[in-house]
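Structure at a glance
The lines below spell out each chain.
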Amino acid sequence: LIRHFEQPRRWSLFADSDADTSDLFLSALVHLSGGAVVPLQADVARRRKDASSRLLSELHFGTLELKLVLDVIVQCVTKLALTLQASVLNEMKVCRTIAALSQLIATKFPSLRSAKKLDLSRDKVIASDVQAGDEIFYIANPENSSVRERCNIVKIHTDLPDEIYFTI
C-alpha cells in the first residue's frame, strides 16, 4: 500500500487520518515488529529485516522533522512503560515494543546502530572454552557474516599451531 504513494506523500497516510498520527503510526510499527521472546526469531528485528524496519525505511522516517521523531520515540517509551505496568504482562507486546523503540532510535541516531562489519576478534574461539557436544553458531557464508547457523561441535582439531577448527 505505502509504495503506491510517492515518497514525499507516504507520511500523509498517517498524518491525514482522523486518529492521533503518532499513536496510529506507533501502533502499526509495533504490530509489524519482528521482536520476539525466542532469540532466533528476535534476531530478524535486531538485523533490521522485519516489516517495521521496512516501513521506517519506506517512509524515510529518520529524515522527518526531529520534533516528530522524538515525539514518537517518547510515545513509544510511554507505551512500553504502560505495557510493563499491566497486571497481566504480554511478553510478545513488550518484545515488539522494545524492538520498535530500538529501530526508531536508530533512524535518528545512526551512531547507536551496531556496526555493519563484525569485530572478528571477539569471534575467536579459545580451545579450552569449548568441548565436543557444545552448541555454537557457524558462519556458513563468509560473504554474509552477520547470518549464523546453529550447529553442534563433533570434534575439536588442534593440529594447526595458530588456530583450531571443528568438525560440526
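Residues numbered from 1 in each chain as written. Predicted model: local features only at pLDDT ≥ 70, side-chain atom pairs only at ≥ 80, totals over all residues. Heavy atoms only, no water.

Looking now at the nonpolar core. Counting residues in each nonpolar core, the largest one holds 21 residues, and the members touching the most others are Trp11, Phe25, Leu29, Leu55, Leu59, Phe61 and Leu104. Looking at which element gives the most residues to this core, the answer is helix α5 (residues 66–85), with 5 residues. The residues contacting leucine 29, other than those within four sequence positions of it, are Ser52, Leu55, Leu56, Ala100 and Leu104. (Core = buried A, V, L, I, M, F, W, Y, C linked by side-chain atoms within 4.5 Å. Buried < 20%, exposed > 50% of the residue type's maximum accessible area, 1.4 Å probe, protein only. Helix = DSSP H or I, 4+ residues; strand = E, 2+ residues; numbered from the N terminus. Contact = heavy atoms within 4.5 Å.)

Across all of its chains, the model carries 5 aromatic pairs by this definition. For the pair tryptophan 11 and phenylalanine 14, a centre-to-centre distance of 5.6 Å together with 35° between the ring planes defines the contact as tilted. The residues tryptophan 11 and phenylalanine 14 share a single accessibility class, namely buried. The structure contains a cluster of three or more aromatic residues connected by ring pairs, namely Trp11, Phe14, Phe25 and Phe61. (Phe/Tyr/Trp six-rings, centres within 6.5 Å; stacked < 30°, edge-to-face > 60°.)

Before going further, it helps to examine unusual backbone geometry. Phi at histidine 60 takes a positive value of approximately 50°, unusual for a residue other than glycine. In this fold, histidine 60 is placed in the loop between α4 (51–59) and α5.

On to the packing of helix α2 (residues 21–32) against α4, then. Where α2 meets α4, the axes come as close as 7 Å, and the angle between the chain directions of the two elements is 140°. Overall, the two elements α2 and α4 adopt an arrangement that is oblique. Across from Phe25, Leu29 and Leu32 in α2, the residues of α4 making contact are Ala51, Ser52, Leu55, Leu56 and Leu59. Classifying every residue of the contact of α2 with α4 gives 7 nonpolar, 1 polar and no charged. (Axes fitted to C-alpha atoms, helices over the stretch in contact; angles between N-to-C directions. Parallel < 35°, antiparallel > 145°, perpendicular 65-115°, else oblique. Nonpolar A, V, L, I, M, F, W, Y, C, P; charged D, E, K, R; others polar.)

On to the side chain of histidine 157. Within the element layout of this structure, histidine 157 appears in strand β3 (residues 155–157). Using a relative accessible area of 15% as the deciding quantity, one classes histidine 157 as buried. Engagement of the side chain of histidine 157 in a polar contact is seen with the side chain of threonine 167, the distance being 2.6 Å. (Polar contact = N/O pair within 3.5 Å; in protein donor to acceptor, adjacent residues only side chain to side chain.)

The periodicity of an α-helix, 3.6 residues per turn, causes residues three or four places apart in sequence to face the same way. Along its 18 residues, helix α6 (residues 91–108) runs 27 Å from first to last C-alpha, staying within 8% of the 26 Å computed at 1.5 Å per residue. For α6, the set of buried residues is Val94, Thr97, Ala99, Ala100, Leu101, Gln103, Leu104, Ala106 and Thr107. Residues of α6 that are buried in the fold lie against α2, α3 (39–46), α4 and α5. The N-terminus of α6 is capped by asparagine 90, whose side-chain oxygen sits 3.2 Å from the backbone nitrogen of methionine 92. (Expected span 1.5 Å × (residues − 1).)

In short, geometric facts, not functional conclusions.
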